[in-house]
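Listed below, chain by chain, are the residues.
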Amino acid sequence: MNRILRFAIIVSITLGCITSDLFQTAQSKATIPAAVEPPDPLTIAQNIDFSRHFRDLGVEGSILIYDLSSNRVFQHNPKRNETAFPAASTFKILNSLISLETKVVTDEIAVLTWDGIQRELPEWNRDLNMREAFKLSAVWFYQVLARRVGYERMQQWVAQVKYGNQNIGGKEDIDKFWLNGSLKVTPQQQIQFLRSLYNNDLPFSERTLSIVKDIMINEKTPDYTIRGKTGWYGFGSKVTPNIGWYIGYLERGKNTYFFATNIDIRNEKDPPLRVELTRRCFKDIAVL
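This section reports on the structure supplied with the text. Given the structure is predicted, the values throughout are model-derived calculations rather than measurements. (Residues numbered from 1 in each chain as written. Predicted model: local features only at pLDDT ≥ 70, side-chain atom pairs only at ≥ 80, totals over all residues. Heavy atoms only, no water.)

Regarding the overall build of the protein
Using the following cut-off: Only runs of H or I of at least four residues qualify as helices and only runs of E of at least two qualify as strands under DSSP, and these elements are numbered from the N terminus. Any two residues having at least one pair of non-hydrogen atoms within 4.5 Å are treated as being in contact. Here, Shrake-Rupley sampling with a 1.4 Å probe gives the accessible areas, and only protein chains in the shown set may cover a residue.
When its secondary structure is counted, the protein shows 10 helices and 10 strands. Once local pairs closer than 6 in sequence are excluded, the contacts in the protein between residues at least 24 apart make up 62%. Counting only carbon and sulfur atoms, one obtains 53% of the accessible surface of the protein, whose full area is about 14500 Å².

Here we look at the pattern of salt bridges
Note the following rule: Any Lys or Arg side-chain nitrogen located within 4 Å of an Asp or Glu carboxyl oxygen qualifies as a salt bridge. To sort residues, take the accessible area from a 1.4 Å probe on protein chains only and compare it with the maximum for the residue type: under 20% means buried, over 50% means exposed, and anything in between is partly exposed.
For the structure shown, the criterion picks out 14 salt bridges. For Arg-55, the salt bridge is made with Asp-49, and the minimal N-O distance between the two is 3.8 Å. In this structure Asp-49 comes out as partly exposed when scored by relative accessible area, which is 39%. A salt bridge links Asp-67 to Arg-72; the shortest N-O distance between them is 3.9 Å. Taking the relative accessible area as the measure of exposure, Asp-67 reaches 5% and is therefore buried. Assessed through its relative accessible area of 36%, Arg-72 is described here as partly exposed. Counted as one network, the salt bridges with shared partners bring together Glu-108, Arg-131 and Asp-214.

What about the pairing of strand E7 (residues 217-220)?
The condition is simple: One requirement defines pairing of two strands: DSSP has to find at least two bridges between them.
Two strands pair when backbone bridges link them, and E7 and strand E8 (residues 224-233) are joined in this way by 3 bridges, in the antiparallel orientation. For Lys-220, the partnering residue across the bridge sits in E8 and is Thr-225. What sits between E7 and E8 in their antiparallel hairpin is a turn of 3 residues.

A word on the packing of aromatic side chains
When we look at a pair of aromatic rings, we describe it by the centre distance and by the angle of the planes. We apply this condition: Paired rings are identified among Phe, Tyr and Trp, the last through its six-membered ring, by centres lying within 6.5 Å, and are further divided according to the angle between planes into stacked (under 30 degrees), edge-to-face (over 60) and tilted (the rest). As a reminder, the over-ring test applies to NZ of lysine and CZ of arginine, requiring each to be within 6 Å of the ring centre and within 35 degrees of the ring normal.
All told, the structure shown has 18 aromatic pairs when counted by the stated rule. Ring centres of Trp-140 and Phe-141 lie 5.9 Å apart, and the angle between their planes is 65°; this geometry places the pair in the edge-to-face category. Side by side, Trp-140 and Phe-141 carry an identical accessibility label, which is buried. Three or more aromatic residues joined by ring pairs make a cluster, and in this case those are Phe-91, Tyr-163, Phe-177, Trp-178 and Phe-193. In this structure, Lys-229 packs its charged tip against the face of Phe-134, placed 5.7 Å from the ring centre.

Things to note about helix H6 (residues 139-149)
Taking burial as the measure, the 11 residues of H6 include 9 buried ones, the bulk of the element. Restricting attention to buried positions, one finds in H6 the residues Val-139, Trp-140, Phe-141, Tyr-142, Gln-143, Val-144, Leu-145, Ala-146 and Val-149. Here the buried face of H6 lies against helix H4 (92-101), strand E4 (111-112), strand E5 (128-129), helix H5 (130-136), helix H7 (151-161) and helix H9 (206-215). Looking one or two residues beyond H6, the residue adopting positive phi is Gly-150, at roughly 90°.

Below you can see the structure in the form of structure tokens.
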């Protein structure tokens with residue numbers, strides 16, 4: 001009888017532990033961890049079908065939106081949101097931060113002299129300041145800044161921020177590592193980086209962070225402000241698969257929504273769809 005009683009007690013305790021573990025696991029999946037790694041798709045508040053916008057526009061890609069106040073993720077194509085792609089011009093956000101902090105450029109209105117080389121876009125072919133270069137995504141301007149920062153310092157900053165795969169190639173790649181595919185980042189990591197920027201949790205001065213947040217403004221209305229940056233990997237190449245980015249965050253009232261849109265660019269109609277897709281998805285969740 002004593003053996004039966006002891007066995008019953010052991011079984012009861014074991015079942016209780018299992019139940020507790022399962023309950024704790026369920027709780028941990030109900031909220032998004034600080035690293036903003038989206039949980040299992042079944043736990044995401046995903047009553048909205050973003051996929052119809054991709055179908056309607058004939059685009060292959062993904063979107064990830066993180067609602068800060070409600071701690072929810074909305075997304076399309078979760079697998080792609082975990083996949084690393086070349087950072088392309090989205091790196092101009094971090095490049096701006098590093099360049100200002102290291103004082104290789106004094107502020108957002110300091111002008112760099114154009115070298116006279118004709119490039120793909122006519123609007124690039126002139127003297128520019130950082131505010132203009134960021135808006136135009138002028139490659140030559142940010143290549144000059146990267147060379148001024150230098151390989152060792154750039155590697156230190158990218159590693160300290162823990163940006164993407166932290167790979168900036170060799171010393172000869174200092175002015176093209178974000179363009180040639182060395183530096184890669186996932187849409188999830190883009191959201192993590194943007195959250196750190198928003199919260200001033202990056203290792204830069206308040207002045208530097210303030211300037212970069214200001215030049216990032218794409219649209220400002222009485223109701224909302226959108227800060228963001230586009231990117232286009234493979235621009236001008238008919239051989240390299242072209243990838244398009246639109247990342248940033250939208251502030252409306254007391255809430256903030258972080259977004260990372262990533263698409264395949266297959267023709268001249270696709271680049272503007274980076275922004276169009278993002279806006280359509282924001283309308284679905286009643287933000288725009």
